[in-house]
Amino acid sequence: MDGKAAPKAAGEGTATTTRTRLDRGRGALGPALELVHTGRAPTRAVLTAELGVTRATAGAVAAELEALGLIRVDAHPGAAAGSQGRPSHRLEVAEEGPVALAAQVHADGWRAALVGLGGRIVATAPGCETVDADPAKVLGSVVEAGADLLRETGRRCVGAGLAVPSAVAEPAGLALNPLHLAWPAGAPVREIFSERVRAAGIQGPAFAANDVNLAALAEHRHGAGRGARDLLCVATGHRGVGGALVLDGRLHTGSSGLALEVGHLTVNPEGRPCHCGSRGCLDVEADPLAFLTAAGRDPGPVISLLQQANDLIRTEYADPAVRTATESLIDRLGLGLAGLVNILNPDRIILGGLHRTLLDTDPDRLRSVVADRSLWGRQSGVVPILPCTLDHNSLVGAAELAWQPVLDDPLAALT
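Conventions and cut-offs
Residues numbered from 1 in each chain as written. Predicted model: local features only at pLDDT ≥ 70, side-chain atom pairs only at ≥ 80, totals over all residues. Heavy atoms only, no water. Pairing = 2+ DSSP bridges. Helix = DSSP H or I, 4+ residues; strand = E, 2+ residues; numbered from the N terminus. Axes fitted to C-alpha atoms, helices over the stretch in contact; angles between N-to-C directions. Parallel < 35°, antiparallel > 145°, perpendicular 65-115°, else oblique. Contact = heavy atoms within 4.5 Å. Nonpolar A, V, L, I, M, F, W, Y, C, P; charged D, E, K, R; others polar. Buried < 20%, exposed > 50% of the residue type's maximum accessible area, 1.4 Å probe, protein only. Salt bridge = Lys/Arg side-chain N within 4 Å of Asp/Glu carboxyl O. pLDDT = per-residue confidence, 0-100. Left-handed = near helix turned anticlockwise from the far one by under 90°. Core = buried A, V, L, I, M, F, W, Y, C linked by side-chain atoms within 4.5 Å.

With respect to the sheet that holds strand β14 (residues 385-387)
Spatially, the five strands line up as an open sheet ordered β12-β11-β10-β13-β14, and their pairing is mixed. The open sheet is flanked by β12 (250-252) and β14, the only strands paired with a single partner. For this sheet, the mean inter-axis angle between neighbouring strands, taken without regard to orientation, is 30°. In terms of strand pairing, strand β10 (residues 230-236) meets strand β11 (residues 241-247) through seven bridges, oriented antiparallel.

Given below as C-alpha cells:
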C-alpha cells in the first residue's frame, strides 16, 4: 500500500453524498410526508422551511418518499408569474400510490372505500342500506366489499380503518353504546374488524373509532378545520348527535376513548326522554328524527333520516311548520354549543350532518344564540362556526387511522 487513496468509481461521490443527506433527514420522512399529505408543503422550498433542514436534505427526503411511491416531485419546476428567485419543485401525493381501506357503519347502512394520501377517495363500493344485528356479519360484508375494491384497482393497501356510531373504549376497542344499531353494548368491534381484515388477506393493521371523532380528524387535516389549534366538531349522524375535539393537532379522546359525548348535554330539561336515562339531550332534541317529528313529518322507510331532514329544509323551508322546527333545532343546538364554548374555549367550531344544513339555512340565528349564551359573548367576538366541507368525512377519517403508522415512520411501515 502506497498510502494513495483509491480512485472513486464514476458517480460514487455523488451517491455517498446523497446517502449522507438522506441519513441526516431520515427522521424527517414522517413529518415531511404529513406536510405533503395535509397540503402544507406544496413545494420543496416550503418543505425545506417547514422542516428546518437544508435544501439538499429536503431534496433527499422528497426523493426517498417518491421512491416509496408516496409522493410525486415535479421534475421540471416552473416559477409562478411575477415571482422572483429560483423556481421550486412542486410536491404532490402520488395519484397511483398506496391506499387505505376505510369503512363506515351507521344506522341506515354501511359503506366501504379506498382512500389515498391527501384524503382522496379513490374508489367506493355500493352502500348497503340495512345493518344486521350481528356486528360480525356486518363487518364481514364491509371488509368483503373493500377486498373487492382492492382486487379491482390493484392498489397496495397500508391498513384498514372503521368508523362506528358509538363511543369506542380504549384499549380494547369495544363499542360501548351503539344506541342506534341493534348491536350488543360492548361489542368488540376492533377485534372483529381486524379478524375479518386478516381473513380477507388485506395487509396492514386495522383500527376502529367513533365516527364523529374521525370526521373531526379528517376535517382538521383536509377540510374546514385546517389550521385550527383547538377545533370543536359537532355533527348529527343518521341518528343522534356526536362531538369531537382536536387539541394542538391531536384528537382528544380522554383517558379511555370516551371524551366529548356531547349528545348527552341537556338543552331542554322538559324535553324528550333520552336513551341515556336523562331528558332533553341534544341526541334527541337536535337530530334528524327530532327535526322530522317537530316538522310533523313521518319518517319514510326508503331513504335515510338524515337525507329526509336535509331535503325537507332545502325544499320546503317556506312551510311554517318546517321553518318553526328548523328555528327550534337551531336554538337547541346553539344552547349546546354555548355550553361547550364555555367549557372548552375552542378557536373554531365546525358542524356536520343536519347541523351543517341548519347553519347554512340561518347562520345569524345560530351565531346569535351562541354569543348570547356563552360567558364571553359578544365582548370577545363569537368563535367562528363553519360547515364541514368534506364529503364522507368519517370515511376519510377512518382512512387516517390506517395512514397514521405510515405518517409516523414511512420506511418502517412500507418496507
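So much for the structure itself; the text now carries on.
What to know about the packing of helix α7 (residues 211-222) against helix α14 (residues 393-408)
Here α7 crosses α14 at 70°, and the two axes come no closer than 7 Å. Classified by the interaxial angle, the pair formed by α7 and α14 is roughly perpendicular. Side by side, α7 and α14 meet where Asp211, Leu214, Ala215, Leu217, Ala218, Glu219, Arg221 and His222 of the first sit next to Asn393, Ser394, Val396, Gly397, Ala398, Glu400, Leu401, Gln404 and Leu407 of the second. By residue class, the composition of the contact of α7 with α14 is eight nonpolar, five polar and four charged.

As for the pairing of β11
The buried fraction of β11 is high, at six of seven residues. Remark: four residues form the turn of the hairpin made by β10 and β11, two consecutive strands paired antiparallel; Gly240 in that turn has positive phi of roughly 80°. With three bridges joining them, β11 and β12 adopt antiparallel strand pairing. Following the sheet pairing, Leu245 is matched in β12 by His252. Counting the residues in the hairpin turn of β11 and β12 gives two residues, including Asp248, whose phi is positive at 50°.

Some remarks on the pattern of salt bridges
Following the criterion strictly, the structure yields 17 salt bridges and no others. For Arg190, the salt bridge goes to Glu170, with nearest N and O atoms at 2.7 Å. Linking Arg190 in helix α6 (residues 189-199) with Glu170 in the loop between β7 (168-169) and β8 (174-175), this pair joins segments that are 20 residues apart in sequence. Assessed through its relative accessible area of 16%, Arg190 is described here as buried. Under the relative-accessibility criterion, Glu170 is labelled partly exposed at 35%. A salt bridge links Arg221 to Glu400; the shortest N-O distance between them is 2.4 Å. In this pair, Arg221 sits in helix α7 while Glu400 sits in helix α14, placing the two residues 179 residues apart along the sequence. Relative accessible area serves as the criterion here: at 6%, Arg221 is assigned to the buried category. Here Glu400 falls in the buried class, since its relative accessible area comes to 2%.

Let's talk about the confidence of the model for the protein chain
For the protein chain, the average pLDDT comes to 89, and 90% of its residues sit at 70 or higher. Segment residues 1-12: pLDDT under 50, and one contact once partners within four positions in sequence are set aside and those in other chains are kept.

Concerning the packing of helix α3 (residues 44-51) against helix α4 (residues 55-67)
Packing of α3 against α4 brings their axes to within 9 Å, and their N-to-C directions diverge by 110°. For the element pair α3 / α4, the angle class is roughly perpendicular. Read as a crossing pair, α3 and α4 show a hand that is right-handed. From α3, Arg44, Leu47 and Thr48 reach across to α4, where they touch Arg55, Ala58, Gly59 and Ala62.

Quick notes on the sheet that holds strand β4 (residues 109-115)
The strand order across the open sheet formed by five strands is β5-β4-β3-β6-β9, and the pairing between neighbours is mixed. Two strands close off the open sheet at either side, each with one partner strand: β5 (121-124) and β9 (206-210). If you compare each strand with its neighbour and ignore which way they point, the axes differ by 25° on average. Where strand β3 (residues 99-106) lies against strand β6 (residues 157-164), five bridges are found, and the strand directions are parallel. In the strand pairing of β6, Ala103 is matched with Leu162. Relative to the sheet, α7 contacts β3, β6 and β9, its axis offset from that of β9 by approximately 100°. Running at roughly 140° to β3, α14 makes contact with β3, β4, β5, β6 and β9 of the sheet.

A short note on the nonpolar core
Ranked by size, the top nonpolar core spans 37 residues in total, and within it Leu33, Leu47, Leu65, Leu70, Ile71 and Trp403 carry the most contacts. At eight residues, α14 tops the list of elements feeding residues into this core. Residues Ala325, Leu340, Leu354 and Leu359 belong to the second largest nonpolar core, which totals 35 residues.

As for the pairing of β3
The element β3 is largely enclosed, with a buried count of eight among its eight residues. Neither face of β3 is left uncovered, since the one carrying Val99, Leu101, Ala103 and Val105 and the one carrying Ala100, Ala102, Gln104 and His106 both have all their residues buried. Looking at chain direction, β3 and β4 are connected through seven bridges and run antiparallel. In the sheet register, Ala100 faces β4, and the bridge partner there is Val115.

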